[in-house]
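# What the coordinates show
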Amino acid sequence: MQAAASGFQQDFFQLFGLPENYRLDSELLDRRYHALQAQVHPDKFSHLSEAERRVSMQWATRVNEAYQTLNEPARRARYLLSLHGADIREESNTAMPADFLVAQMEWREAIQEAGEARDPGELDKLELRLQHDMHDLLEQLAAKIDTEHDYEAAAGIVRKLKFLEKLAEEIASAFDTIDN
Amino acid sequence: MALLQISEPGLSTAPHEHRLAVGIDLGTTNSLVATVRNGISVVLNDADGRALLPSVVRYFADGSVQVGESAQAAQSEDPTNTILSVKRFMGRGLGDIGDISGSPYRFVDAPSTGQAPGMVQLRTAAGVKSPVEVSSEILKLLRARAEEALGGELVGAVITVPAYFDDAQRQATKDAARLAGINVLRLLNEPTAAAIAYGLDNAAEGVYAVYDLGGGTFDVSILKLSRGVFEVLATNGNSALGGDDFDHRIYCWLLEKNNLSALGASDTRLLLTRARAAKEELTEHDETRVTAILRSGEAIDTVLARRDFHAMSQNLVERTLQPVRRALRDAGLAVADIKGVVMVGGATRMPQVQRAVAEFFRQAPLTNLDPDKVVALGAAIQANVLAGNRSADDWLLLDVIPLSLGIETMGGLTEKIIPRNSTIPAARAQDFTTFKDGQTAMSVHVVQGERELVSDCRSLARFELRGIPPMVAGAARIRITFQVDADGLLSVSAREQGTGVEAHITVKPSYGLSDAEIARMLQDSSRHAQDDMQARALREHQVEANQLLEAVQNALEQDGAALLDDIGQARIRDGMDGLRAMLQTADHPAIKRAITQLNDATVAFAQARMDKSVSRALGGRKLTDLEV
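As a starting point, this report considers the structure included with it. (Residues numbered from 1 in each chain as written. Chains lettered and ligands numbered in written order. Predicted model: local features only at pLDDT ≥ 70, side-chain atom pairs only at ≥ 80, totals over all residues. Heavy atoms only, no water.)

### Overview of the overall build of chain A
As a reminder, the rule being used: The numbering of helices and of strands both runs from the N terminus, where a helix is a DSSP run of H or I of at least 4 residues and a strand a run of E of at least 2. For the radius of gyration, the atoms used are the C-alpha atoms, and the globule rule reads 2.2 Å times the number of residues raised to 0.38. The buried label applies to any residue whose accessible area, calculated with a 1.4 Å probe on protein chains only, is under 20% of its type's maximum; exposed applies above 50%, and partly exposed to all values in between. Contacts are assigned to residue pairs with any non-hydrogen atoms lying within 4.5 Å of each other.
Each helix and strand in chain A was counted, giving eight helices and zero strands. Starting at the N terminus, the α and β elements of chain A follow one another as α-α-α-α-α-α-α-α. A compact globule built from 180 residues would reach a C-alpha radius of gyration of about 16 Å, whereas chain A, at 20 Å, exceeds it by more than 25%. Viewed in the frame of its principal axes, chain A has a C-alpha envelope of about 55 × 45 × 30 Å. Within chain A, buried positions represent 47% of all 180 residues. Put simply, of all contacts in chain A between residues at least 6 apart along the chain, 67% involve residues at least 24 apart.

### With respect to the sheet that holds strand 13 (residues 206-213) of chain B
Residue and element names in this part refer to chain B. The cut-off we apply is this: Here, strands pair whenever DSSP counts at least two bridges between them. Orientation is described by axes fitted as lines to C-alpha atoms, over the contacting stretch for helices, and by angles from 0 to 180 degrees between their N-to-C directions.
Spatial ordering of the open sheet is given by 18-13-14-15-19, a layout of five strands whose pairing is mixed. Because the sheet does not close on itself, it has two edges, and the strands there are strand 18 (340-344) and strand 19 (396-398). Sheet twist, expressed as the average angle between the axes of neighbouring strands with direction ignored, equals 25°. Across the sheet, helix 5 (residues 190-202) lies against strand 13, strand 14 (218-226), strand 15 (229-238), strand 18 and strand 19, angled at about 130° from strand 13, the strand it touches most. Helix 9 (residues 351-361) contacts strand 13 and strand 18 of the sheet and is inclined by roughly 160° relative to strand 18.

### Digging into the interface of chain A and chain B
Defined as follows: Buried area is understood as the total, over both parts, of accessible area removed when two parts are fitted together, assessed with a 1.4 Å probe. Only one rule defines a salt bridge in this text: a Lys or Arg side-chain nitrogen within 4 Å of an Asp or Glu carboxyl oxygen. Within 3.5 Å is the distance limit for a polar contact, defined as a pair of N or O atoms, with the added protein rule that one can donate a hydrogen and the other accept it, and that residues adjacent in sequence qualify only through two side-chain atoms.
On the chain B side, the residues contacting the 49 residues of chain A number 57 residues. Carbon and sulfur atoms make up 56% of the area that chain A and chain B hide from each other, which totals about 4400 Å². Viewed at the interface, chain B and chain A are joined by three salt bridges. K224(B) is paired through a salt bridge with D30(A); the nearest N and O atoms lie 4.0 Å apart. Connecting chain A to chain B are 11 residue pairs in polar contact (both at pLDDT 80 or more). Looking at the side of chain A that touches chain B, the elements with two or more residues in it are helix 1 (2-8), helix 2 (12-15), helix 3 (26-40), helix 4 (50-71) and helix 8 (151-179) of chain A.

### Quick notes on the nonpolar core
Heads up, the condition is: Residues belong to a common nonpolar core when they are buried Ala, Val, Leu, Ile, Met, Phe, Trp, Tyr or Cys residues joined through side-chain atoms within 4.5 Å.
Ranked by size, the top nonpolar core spans 62 residues in total, and within it F16(A), L123(A) and L141(A) carry the most contacts. When residues in this core are grouped by element, the largest group, 11 residues, is from helix 8 of chain A. Not counting residues up to four positions away in its chain, the partners in contact with F16(A) are L29(A), R32(A), Y33(A), L36(A), V63(A), A66(A), Y67(A), L70(A) and L618(B). The next biggest cluster of nonpolar side chains, apart from the first, holds 44 residues, and it includes L213(B), A327(B), M350(B) and V353(B).

### Regarding the packing of helix 8 (residues 306-331) of chain B against helix 9 of chain B
All names here are of chain B. Going by this rule: Each angle is binned into one of four classes, with values under 35 degrees roughly parallel, values over 145 roughly antiparallel, values of 65 to 115 roughly perpendicular, and all other values oblique. What makes a crossing left-handed is the near helix being turned counterclockwise from the far one by less than a right angle; a clockwise turn instead makes it right-handed.
Relative orientation of the contacting elements helix 8 and helix 9 amounts to 40°, with a least axis distance of 9 Å. Looking at the two axes, helix 8 sits oblique to helix 9. Relative to helix 9, the crossing made by helix 8 is right-handed. Along the contact surface, helix 8 presents R306, F309, H310, S313, V317, L321, V324, R325 and L328, while helix 9 presents P351, Q352, V353, R355, A356, F360 and F361.

### Some points on helix 8 of chain B
Residues and elements named next belong to chain B. Applicable threshold: An expected span of 1.5 Å times one less than the residue number is assigned to each helix. Bending is quantified residue by residue as the angle between axes fitted to the seven-residue window ending at that residue and the seven-residue window starting at it.
When the terminal C-alpha atoms of helix 8 are compared, their 35 Å separation across 26 residues agrees well with the 38 Å that a helix rising 1.5 Å per residue should span. Of all the bends in helix 8, the greatest measures close to 50° and is centred on S313. Immediately downstream of helix 8, the backbone of G332 shows phi near 70°, a positive value.

### Regarding the sheet that holds strand 5 (residues 56-59) of chain B
Residue and element names in this part refer to chain B. Reading across the sheet, the three strands line up as 6-5-7 and stay open at both edges, with antiparallel pairing between neighbours. Every other strand in the sheet has two partners, leaving strand 6 (65-67) and strand 7 (82-84) as the edge strands with one partner each. Sheet twist, expressed as the mean angle between neighbouring strand axes with direction ignored, is 20°. Sheet analysis places strand 5 next to strand 6, joined by three bridges and oriented antiparallel. Within strand 6, the residue paired with R58 across the bridge is Q66. Relative to the sheet, helix 3 (residues 131-150) contacts strand 5, strand 6 and strand 7, its axis offset from that of strand 5 by approximately 110°.

Shown next, in the form of structure tokens:
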């Protein structure tokens with residue numbers, strides 16, 4: 001039991017045998033993910049004992065969670081910061097510079113207008129622009145985490161990212177409304 | 001269709017023993033059963049050489065049942081007792097079904113279990129039947145067909161479900177299989193099953209879309225196929241849109257054209273049958289003539305042009321493209337990223353559907369497989385693996401849940417816990433707290449769907465966590481954990497973090513059947529109920545015990561010496577001896593207990609084995625080597 005627990009308790013980077021960095025080789029991550037699932041997935045155990053089936057489901061669940069966490073840049077950044085003990089305080093600390101908040105309001109209005117005008121072309125444009133902004137923030141994050149090891153500053157960027165993620169959700173739901 | 005050759009490496013089971021396993025496509029209109037024989041997936045035909053079993057069940061006053069062609073032939077003669085397209089009612093309440101005015105059935109709003117509405121039921125000559133019971137009649141017949149063809153009892157079956165089926169619909173399908181005496185190896189999404197059959201057969205690599213328009217359901221899945229991995233990136237659909245709706249358009253047109261209104265149930269069935277025939281005719285011909293003689297003696301004789309049929313059904317086709325757009329967006333892909341489009345389901349034979357799909361994807365869809373059979377063939381291939389006949393090392397299936405799972409929070413809002421398109425199995429925990437000072441109980445309402453308001457989502461279950469120690473509002477930490485298994489079925493547990501007070505449910509009660517209901521139905525279905533139940537339980541436990549003994553024996557031979565000390569090995573051997581001793585008796589509860597004991601004794605061993613596999617997966621390299 002002890003030997004088993006050691007593997008299950010590895011952090012997600014250890015689980016995939018990847019260095020604990022923000023920047024990662026996503027093709028290697030995919031390959032390791034598939035190699036791990038090939039060993040633990042419930043489809044490999046369905047004819048075996050209930051004990052093995054149960055262990056398989058727990059492992060496959062964990063490998064999926066680990067993959068999704070490392071595969072999505074924002075989640076990966078949050079996870080890394082939590083490994084470094086940095087407190088992001090996303091819910092409690094929403095203080096932002098005034099120009100950032102003004103920009104947020106302009107974004108909201110633009111998304112709302114495009115949604116009401118049922119204009120998928122405009123939404124596409126907004127989505128592209130948003131992706132561009134997110135990409136910039138993620139690049140800043142990479143520098144703060146991997147190069148400067150400044151986790152406090154990185155936490156500040158993650159809080160900004162949260163606003164952009166909400167905008168992305170609004171764009172997605174505007175698309176859904178147009179489709180319905 | 002030529003399917004892959006499969007050798008028998010006999011890695012996971014003794015090579016001499018081939019376990020009989022089948023794939024079953026339980027369709028809205030037709031159902032099929034297939035199996036892998038000599039390495040090739042084949043559909044099993046009935047005595048008359050027919051592969052498709054019409055999913056039609058007729059009930060008689062003496063309790064007897066007719067399934068398939070003969071029932072279908074009686075549909076307009078005995079419409080109330082002849083149930084068609086029962087799949088549309090699976091896991092659904094009366095309120096979900098919509099307009100029932102034209103329906104010949106006598107619906108019964110089922111007794112609700114707990115605080116949620118129950119599944120709709122149908123009053124027939126043989127009594128009130130739930131859609132689960134009706135479906136189980138179809139499954140029983142397919143099981144019998146398979147056991148006769150294969151010459152033995154089935155180890156289990158993979159049953160396919162529409163990818164867009166929610167938890168209630170999946171659970172109802174699994175219950176129907178259980179009621180038919182089938183061990184469900186896996187519920188497999190229909191588009192995924194089709195992708196297995198297509199992908200293995202064509203050694204396909206790249207991103208594919210599966211467009212699956214069946215009799216009553218529409219699914220679209222976007223899959224990435226690479227080096228033997230079938231990874232579903234996104235799925236979407238409409239579980240109440242299919243070929244039936246096209247028939248209905250023609251039916252409505254016939255009524256209008258002939259100034260008919262308020263037809264009786266048998267005339268309705270007659271015209272719907274004619275409408276379906278006309279739809280099929282128009283696949284090959286530019287026009288078709290619809291003739292029928294109604295009960296009143298009135299004769300119908302109307303010509304329908306393909307052009308008109310396409311016009312009247314255009315918005316149905318358009319409605320399939322909305323989920324396609326959503327699936328692509330969820331997958332983060334554009335039309336240009338799709339390498340091929342696999343067409344599945346009989347309704348994809350309609351030229352207007354093929355044209356619309358070709359226009360949307362800017363490429364001709366792949367139609368080189370039989371859209372009626374490909375799902376069952378793929379399910380059989382997976383069943384063969386899951387039964388342990390073949391090492392699954394050659395491919396890996398990663399599927400997703402189609403709809404977000406969440407719970408109700410203050411103000412009737414949905415809090416999503418597991419988002420749609422999460423790869424399964426999946427688990428997610430979220431912490432909640434109390435609303436009032438001194439609150440000692442919390443009601444948890446589990447829902448599924450994408451909408452913000454709980455009232456717009458499907459209610460799956462409600463349960464209560466009691467015994468929370470009184471604290472000020474907001475002080476308790478209640479962790480709610482959702483676990484979705486590889487069948488896409490949800491279980492939920494809640495735990496107060498401070499005291500460890502727990503509540504756990506497998507999401508079932510609302511639309512599923514309780515164990516007691518299943519037991520009652522099993523009893524109803526056999527004359528010597530008690531004896532049969534006992535004999536069946538004994539046989540099931542004997543089979544399970546033998547499989548378990550074999551699996552543990554193999555595991556011990558492979559890894560026992562390496563991973564366990566003498567005491568650990570002896571403990572497991574004791575458990576095996578205990579179970580073998582019980583197998584000599586006919587005491588099935590005692591056998592069950594011995595099975596549980598042996599399972600419990602092997603948990604640590606199973607974990608150690610998994611640990612070994614995991615480190616092997618990364619090539620046995622040390623982390624320090626990898627970091628260079």
